[in-house]
Amino acid sequence: GAVVSQHPSWVICKSGTSVKIECRSLDFQATTMFWYRQFPKQSLMLMATSNEGSKATYEQGVEKDKFLINHASLTLSTLTVTSAHPEDSSFYICSAGRGMNEQYFGPGTRLTVT
Amino acid sequence: GESVGLHLPTLSVQEGDNSIINCAYSNSASDYFIWYKQESGKGPQFIIDIRSNMDKRQGQRVTVLLNKTVKHLSLQIAATQPGDSAVYFCAENSRTSYDKVIFGPGTSLSVIP
């Protein structure tokens, strides 16, 4: 159990367009989901905490108007990268919380902006 | 976003040897620590965790040691195998930031056959 999926697994988009990434908890309900970004050969950097039914909480330095997060149900959170630019190219990873100290990670989404 | 450092140290070990991967943390309020393994192009995979009221925990071929005095964690992998080659991250969570997991810089482990 405790499987988290992401869709798509990879995406290529043109500069200036927006792209949506989905994160789903397949076999449990997650009131909290987290979004991370990872550049090559670097660590995972927490971008935001997504709470079901309320506004996301963004980490310092992360533009909330650029990275739109929606957590409309207990099994789905979406991250939309708006007006993407090449510097937004990265590996985006989500995780879903099933309780205190119980977090499960998705397989990641590779975004390439051309 | 938060992260601890931006560089990726590397460790090379001979197949069959033991590996020790170290990690320092800075938040004295952290009370839960996790080690993750990440293979290329994949999400992090849970290996083992430890709470701050413990100083050692063992799993299958892995042991985590916690030294709260110097804020240091280590992951020991016994009889390292080629399939252990990956990037390993320590991560921490504090009682003051509900379920927010912050990752350390990571160590790339390369196993020499």
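Above this note sits the structure.
Rules used in this analysis
Residues numbered from 1 in each chain as written. Chains lettered and ligands numbered in written order. Predicted model: local features only at pLDDT ≥ 70, side-chain atom pairs only at ≥ 80, totals over all residues. Heavy atoms only, no water. Helix = DSSP H or I, 4+ residues; strand = E, 2+ residues; numbered from the N terminus. Rg over C-alpha atoms; globule rule 2.2 N^0.38 Å. Buried < 20%, exposed > 50% of the residue type's maximum accessible area, 1.4 Å probe, protein only. Contact = heavy atoms within 4.5 Å. Areas by Shrake-Rupley, 256 points an atom, 1.4 Å probe, with all protein chains shown as cover. Lys, Arg positive; Asp, Glu negative; His and termini not counted. Charge placed at Lys NZ, Arg CZ, Asp CG, Glu CD. Disulfide = S-S within 2.5 Å. Pairing = 2+ DSSP bridges. Axes fitted to C-alpha atoms, helices over the stretch in contact; angles between N-to-C directions.

Visitor: So what exactly am I meant to see when it comes to the overall build of chain B here?
Guide: The helix and strand tally for chain B stands at 0 helices and 10 strands. The secondary structure elements of chain B, listed N-terminal to C-terminal, are β-β-β-β-β-β-β-β-β-β. Taken against the 2.2 N^0.38 rule, which gives 13 Å for 113 residues, the C-alpha radius of gyration of chain B at 14 Å falls within 12% of a compact globule. Projecting the C-alpha coordinates of chain B onto the three principal axes gives extents of approximately 45 × 30 × 20 Å. Buried residues in chain B amount to 45% of all 113 residues. Considering only contacts within chain B whose residues lie at least 6 apart along the sequence, 55% involve residues at least 24 apart. Carbon and sulfur atoms provide 48% of the accessible area of chain B, an area that totals close to 5,700 Å². Counting 10 positive and 10 negative side-chain charges, chain B places the centres of these two groups 4 Å from one another.

Visitor: Even after reading the chapter, I still don't get the state of the cysteines, so can you show me in this structure?
Guide: Here a disulfide denotes a covalent bond joining the sulfur atom of one cysteine to the sulfur atom of another. The final tally for this structure, using the stated rule, is 2 disulfides over all chains. In this model, A:C23 is linked to A:C94 through a disulfide, with the two sulfur atoms separated by 2.0 Å. Measuring handedness by torsion sign, the sulfur bridge of A:C23 and A:C94 sits at about 80° and is right-handed. Note that A:C23 is positioned in strand β3 (residues 19-25) and A:C94 in strand β9 (residues 90-99), a separation of 71 residues in sequence. A sulfur-sulfur distance of 1.6 Å marks the disulfide that ties B:C23 to B:C90.

Visitor: Would you mind going over unusual backbone geometry with me for this structure?
Guide: For residues other than glycine, phi is negative in most cases, and the peptide bonds are mostly trans. Residues and elements named next belong to chain A. Of note, the amide linkage connecting H7 to P8 takes the cis form, showing an omega dihedral of 0°. Structurally, P8 can be placed in the loop between β1 (4-7) and β2 (10-13). Residues other than glycine seldom take positive phi values, yet K41 does so here, at roughly 60°. Topologically, K41 is positioned in the loop between β4 (32-38) and β5 (44-51). Overall, the relative accessible area of 68% leaves K41 in the exposed class.

Visitor: Sorry if this is basic, but what is going on with the sheet that holds β1(A) here?
Guide: Strand pairing in a sheet takes place through backbone hydrogen bonds and is either antiparallel or parallel in direction. All names here are of chain A. Across the sheet, which stays open at both edges, the 4 strands sit in the order β1-β3-β8-β7 with antiparallel pairing between neighbours. This sheet does not close on itself; its edge strands, each paired only once, are β1 and β7 (67-73). For this sheet, the mean angle separating the axes of adjacent strands, direction not counted, is 15°. Pairing of β3 with strand β8 (residues 76-81), which is carried by 6 bridges, proceeds in the antiparallel orientation. Bridge pairing links R24 to L76 in β8.

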